[in-house]
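# Understanding the architecture of this molecule
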Amino acid sequence: MPIVAGMDRSADATPGEPPEASLHRPVLLTPLIQNLQPREGQVAIDGTLGGGGVTAALLDRVGATGRVLAIDRDPTAIARARLRFAGTAGERLILAQGDFAEIDHIAAGQGIVAADSLCLDLGTSSLQLDDPARGFSFRQDGPLDMRMDQTASGETAATLLNSWDEADLTALIRTYGEERFATAIARAVVRERRRRPMATTQQLRELVEQTIPRRFWPKRIHPATRTFQALRIEVNHELESLRHGLQAAISLLRPGGRLGVISFHSLEDSLVKNALHVAAQNCLCPPQQPFCTCAHRASLLLFTRRAIRPDAEELAVNPRSRSARLRVAEKLEPR
Ligand SMILES: C[S@@+](CC[C@H](N)C(=O)[O-])C[C@H]1O[C@@H](n2cnc3c(N)ncnc32)[C@H](O)[C@@H]1O
């Protein structure tokens, strides 16, 4: 069954497929698959399984003789995928829970030393965003958790909000949220937690709404979006994982293999853009230096000077895709 970008996957659920599997609508799926060009018999890796939409498309393309390794940090994504692909994927699909920062080690543990296609579709899935118990969204009330892996021992958003000092909270909200009212929001958090601990998404949402003067509310997003983004990035060490994950992914590709990365905010996208740009350079010496001493050689060929964005059709059916950007590169033969 062909999978079309922007299509409502709830409409094409096959018999036996759990309805939950259709809840996350993959973004930029058509250009991703067109650019990765996974083929019959190949090995593909989906570093961000989520609801399994990209994994399904990869399985479809690598056919009966290929293999797909699908990884997610979130154990619930793995459990859902077990149900979704039970009886259809068989041994062609390997599911692994883990951080894509270690994608090379995870693959090696499954006997995969090189991949033909590799995809990272960053951020959170609708399955995570729409579950109030996960605390990712200000739209429904829930605990301020935000951990992608709730079995891990790391800090929750609540722990962080209740323990960091005001200066660190300001820096976090300003840097990872790109929020101009960071100072005022951090001050309000510190004032609030003296009264009662920060505990729920509703509490944080209301606090941000009360702190940012209404005339400065952004037009296209909720005023709490940037603060929630900053917390989520920190709780999950997202940029650190991405930095390591990109290098590990590049090293795992076989020559001619392709990497596709979909990002959802400017911090992610500039990190991806810079990492791919550096890997595509033949020399990293300062331009004023007369000859090269760095021995750096290009390992990638960039396919996308400008990121691919969702088209009007996809935006119409999936407004959540509006900030998505896809960048693609191909691994070069070692020189
Ligand atoms: C946007 S969703 C992916 C959606 C998926 N492509 C689909 O078609 O349904 C992002 C997923 O990546 C996972 N994720 C985010 N950061 C991760 C990381 N560092 N390592 C592994 N998984 C990660 C999240 O838990 C989430 O399930």
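On to the nonpolar core. Residues Ile45, Leu69, Ile103, Leu118, Leu120, Leu246 and Leu259 are the most contacted members of the largest nonpolar core, which totals 35 residues. It is helix α11 (residues 238–252) that contributes the most residues to this core, 7 residues altogether. Apart from residues no more than four positions distant in its own chain, leucine 120 is found in contact with Gly47, Thr48, Phe100, Ile103, Leu246, Gly260, Val261 and Ile262.

It is worth spelling out the side chain of arginine 73 at this point. Turning to its location among the elements, arginine 73 is positioned in the loop between β2 (67–72) and α3 (75–85). Among the polar contacts listed, one links the side chain of arginine 73 to the side chain of aspartate 99, at a separation of 3.3 Å. Those residues in contact with arginine 73 that sit more than four places away from it in its chain are Gln97, Gly98, Asp99, Met148, Asp149, Asn236 and Ser241.

Scanning the entire structure with this criterion turns up 12 salt bridges. Across the pair arginine 205 and glutamate 209 runs a salt bridge, and its minimum N-O distance is 3.0 Å. Of this pair, arginine 205 and glutamate 209 both sit in helix α9 (residues 201–211), 4 residues apart, which is roughly one turn of that helix. Note that glutamate 330 and arginine 258 form a salt bridge whose closest N and O atoms lie 2.8 Å from each other. Residue glutamate 330 is located in strand β7 (residues 325–331), and its partner arginine 258 is located in strand β5 (residues 253–263); the two are separated by 72 residues in the primary sequence. Assessed through its relative accessible area of 17%, glutamate 330 is described here as buried. You can call arginine 258 buried: its relative accessible area is 14%. Within the structure, one salt-bridge network assembled from shared partners comprises Glu192, Arg195 and Arg196.

Moving on to α9. Restricting attention to buried positions, one finds in α9 the residues Thr201, Gln203, Leu204, Leu207, Val208 and Thr211. One face of α9 carries all of its buried residues, which in axial projection span an arc of 165°.

Turning to the packing of helix α7 (residues 166–177) against helix α10 (residues 225–235), a few remarks are in order. Two numbers describe how α7 lies on α10: the axes approach to 8 Å, and their chain directions differ by 100°. It follows that α7 is roughly perpendicular to α10 by the angle criterion. Two secondary-structure elements touch here, α7 through Leu172, Ile173, Tyr176 and Gly177 and α10 through Arg226, Thr227, Gln229, Ala230, Leu231, Ile233 and Glu234. Of the residues assigned to the contact of α7 with α10, the class counts are 6 nonpolar, 3 polar and 2 charged.

Around the ligand sit 24 residues, and of these Gly51, Asp72, Phe100, Asp121 and Gln128 come closest. Separating a nitrogen atom of the ligand from a backbone N or O atom of threonine 48 is a distance of 3.5 Å. In this structure, aspartate 72 approaches the ligand through a side-chain N or O atom, which is 2.6 Å from an oxygen atom. Considered on its own, the ligand offers 610 Å² of accessible surface; in the complex 98% of this is hidden by protein.

Further remarks concern the domain arrangement of the chain. The domain architecture assigned to the chain consists of domain 1 (19–127 + 238–331) and domain 2 (153–235). For domain 1 versus domain 2, the distance between C-alpha centres works out to 30 Å. Summed over both sides, the interface between domain 1 and domain 2 buries roughly 740 Å², with carbon and sulfur atoms accounting for 49% of that surface. Sorting the residues of domain 1 by area buried against domain 2 places Glu238, Leu267 and Arg322 first, and these three jointly supply 57% of that buried surface. Across the contact surface, domain 1 and domain 2 share 1 salt bridge. Note that glutamate 238 is salt-bridged to arginine 232, the shortest N-O span being 2.8 Å.

Attention now goes to the packing of aromatic side chains. Counting across every chain of the model gives 2 aromatic pairs. Relative to phenylalanine 228, the ring of phenylalanine 138 lies with its centre 5.3 Å away and its plane at 80°, an arrangement referred to as edge-to-face. Residue phenylalanine 138 is found in the loop between α5 (126–129) and α6 (157–163), and its partner phenylalanine 228 is found in helix α10; the two are separated by 90 residues along the sequence. With respect to class, phenylalanine 138 is no different from phenylalanine 228; both count as buried.

The next point concerns the sheet that holds strand β6 (residues 300–302). Here 7 strands make up an open sheet; going across it, the order is β3-β2-β1-β4-β5-β7-β6 and the pairing mixed. Of all the strands in the sheet, the pair left with one neighbour each is β3 (93–97) and β6. Each neighbouring strand pair of the sheet contributes to a mean axis angle of 20°, computed without reference to strand direction. Two elements, strand β1 (residues 43–46) and β2, share 4 bridges in a ladder whose sense is parallel. Within β2, the residue paired with alanine 44 across the bridge is valine 68. Each of β4 (115–121), β5 and β7 touches helix α1 (residues 29–36); the most contacted strand, β5, lies at about 165° to it. Taken strand by strand, α3 contacts β2 and β3, and its axis lies near 160° from that of β3.

What follows deals with the environment of proline 213. Mapping proline 213 onto the fold places it in the loop between α9 and α10. Exposure remark for proline 213: the relative accessible area of 28% places this residue in the partly exposed category.

What counts, and where the lines are drawn
Residues numbered from 1 in each chain as written. Predicted model: local features only at pLDDT ≥ 70, side-chain atom pairs only at ≥ 80, totals over all residues. Heavy atoms only, no water. Core = buried A, V, L, I, M, F, W, Y, C linked by side-chain atoms within 4.5 Å. Buried < 20%, exposed > 50% of the residue type's maximum accessible area, 1.4 Å probe, protein only. Helix = DSSP H or I, 4+ residues; strand = E, 2+ residues; numbered from the N terminus. Contact = heavy atoms within 4.5 Å. Polar contact = N/O pair within 3.5 Å; in protein donor to acceptor, adjacent residues only side chain to side chain. Salt bridge = Lys/Arg side-chain N within 4 Å of Asp/Glu carboxyl O. Arc of directions from axis to C-beta. Axes fitted to C-alpha atoms, helices over the stretch in contact; angles between N-to-C directions. Parallel < 35°, antiparallel > 145°, perpendicular 65-115°, else oblique. Nonpolar A, V, L, I, M, F, W, Y, C, P; charged D, E, K, R; others polar. Near = heavy atom within 4 Å. Areas by Shrake-Rupley, 256 points an atom, 1.4 Å probe, with all protein chains shown as cover. Domains from an automatic or database assignment. Buried area = accessible area lost by both parts, 1.4 Å probe. Phe/Tyr/Trp six-rings, centres within 6.5 Å; stacked < 30°, edge-to-face > 60°. Pairing = 2+ DSSP bridges.

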